[in-house]
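Per-entry structural report
Here is what each chain is made of, one letter per residue.
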Amino acid sequence: MHDDQTLATERLLSSPPERVWLALADPAQLARWWGPAGFTNEVERCEFREGGDWHFTMVGPDGQRYWNECRFDQLLPGRRAVIRHVNAPPFSLTLTLSAEPGGTRVGWAQRFDTPELARALAGVCEPANEQNLDRLAVLLAQP
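Report follows, based on the coordinates. (Residues numbered from 1 in each chain as written. Predicted model: local features only at pLDDT ≥ 70, side-chain atom pairs only at ≥ 80, totals over all residues. Heavy atoms only, no water.)

As for helix H3 (residues 115–141)
The largest bend in H3 comes to about 65°, at alanine 122. Listing the buried residues of H3 in full gives Pro115, Ala118, Ala122, Cys125, Ala128, Asn129, Asn132, Leu133, Arg135, Leu136, Leu139 and Leu140. Here the buried face of H3 lies against strand E1 (6–13), helix H1 (17–25), helix H2 (27–33) and strand E7 (103–112). (Bend = angle between axes of the 7 residues up to and from the residue. Helix = DSSP H or I, 4+ residues; strand = E, 2+ residues; numbered from the N terminus. Buried < 20%, exposed > 50% of the residue type's maximum accessible area, 1.4 Å probe, protein only. Contact = heavy atoms within 4.5 Å.)

Below, the structure is given as structure tokens:
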């Protein structure tokens with residue numbers, strides 16, 4: 001899924017899809033890896049089910065706070081999750097998990113509502129998306 005509204009990347013992680021899924025499904029683990037480097041998360045609500053709400057505040061390294069309101073639109077355990085970012089900027093994030101020798105290939109596709117929004121945010125979101133995957137890899141490497 002690549003078009004002028006989508007920022008996409010992928011990563012091979014050395015954990016099975018079930019373990020990667022748990023890092024997404026468990027709010028305590030999700031809060032530890034979600035977001036760019038240096039950010040922390042304060043989760044208010046995380047209803048990990050289709051149609052469930054996920055409300056949290058990301059706190060930047062400088063202490064600035066960023067409210068996030070999301071909804072889990074699709075959850076196919078161990079295979080695919082679609083998360084809708086409801087507040088600004090509006091986008092849908094599709095995570096795909098595919099078992100491969102040595103781990104799981106994680107696809108990360110952030111589709112904005114307009115091409116203009118995707119272009120405007122690419123400089124921030126593309127490195128942040130890679131940092132998200134870096135943080136997930138670190139979490140998965142822990143016993």
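After presenting the structure, the write-up continues.
A word on the packing of aromatic side chains
Counted under the stated rule, the structure contains 10 aromatic pairs. Residues tryptophan 21 and phenylalanine 48 carry aromatic rings whose centres are separated by 5.6 Å and whose planes lie at 65° to one another, so their mutual orientation is edge-to-face. Of this pair, tryptophan 21 sits in helix H1 while phenylalanine 48 sits in the loop between strand E2 (40–46) and strand E3 (53–59), placing them 27 residues apart in sequence. Assessed through its relative accessible area of 11%, tryptophan 21 is described here as buried. The partly exposed category is assigned to phenylalanine 48, whose relative accessible area is 22%. Note on tryptophan 33 and tryptophan 108: the rings are 6.5 Å apart at their centroids and 65° apart in plane angle, and the pair reads as edge-to-face. (Phe/Tyr/Trp six-rings, centres within 6.5 Å; stacked < 30°, edge-to-face > 60°.)

Side note on the sheet that holds E1
Here we have seven strands laid out as an open sheet, ordered E1-E7-E6-E5-E4-E3-E2, and antiparallel in their pairing. Strand pairing shows two members of the sheet lacking a second neighbour, E1 and E2, which therefore form its edges. Direction aside, the axes of adjacent strands within the sheet are offset by 20° on average. Bridge count between E3 and strand E4 (residues 65–76): seven bridges; the pairing is antiparallel. (Pairing = 2+ DSSP bridges. Axes fitted to C-alpha atoms, helices over the stretch in contact; angles between N-to-C directions.)

Re the environment of proline 16
Relative to the elements of secondary structure, proline 16 occurs in the loop between E1 and H1. Proline 16 gets classed as partly exposed once you look at its relative accessible area, which sits at 44%. Sequence spacing of proline 16 and glycine 102 is 86 residues, and the spatial spacing of their C-alpha atoms is 8.1 Å.

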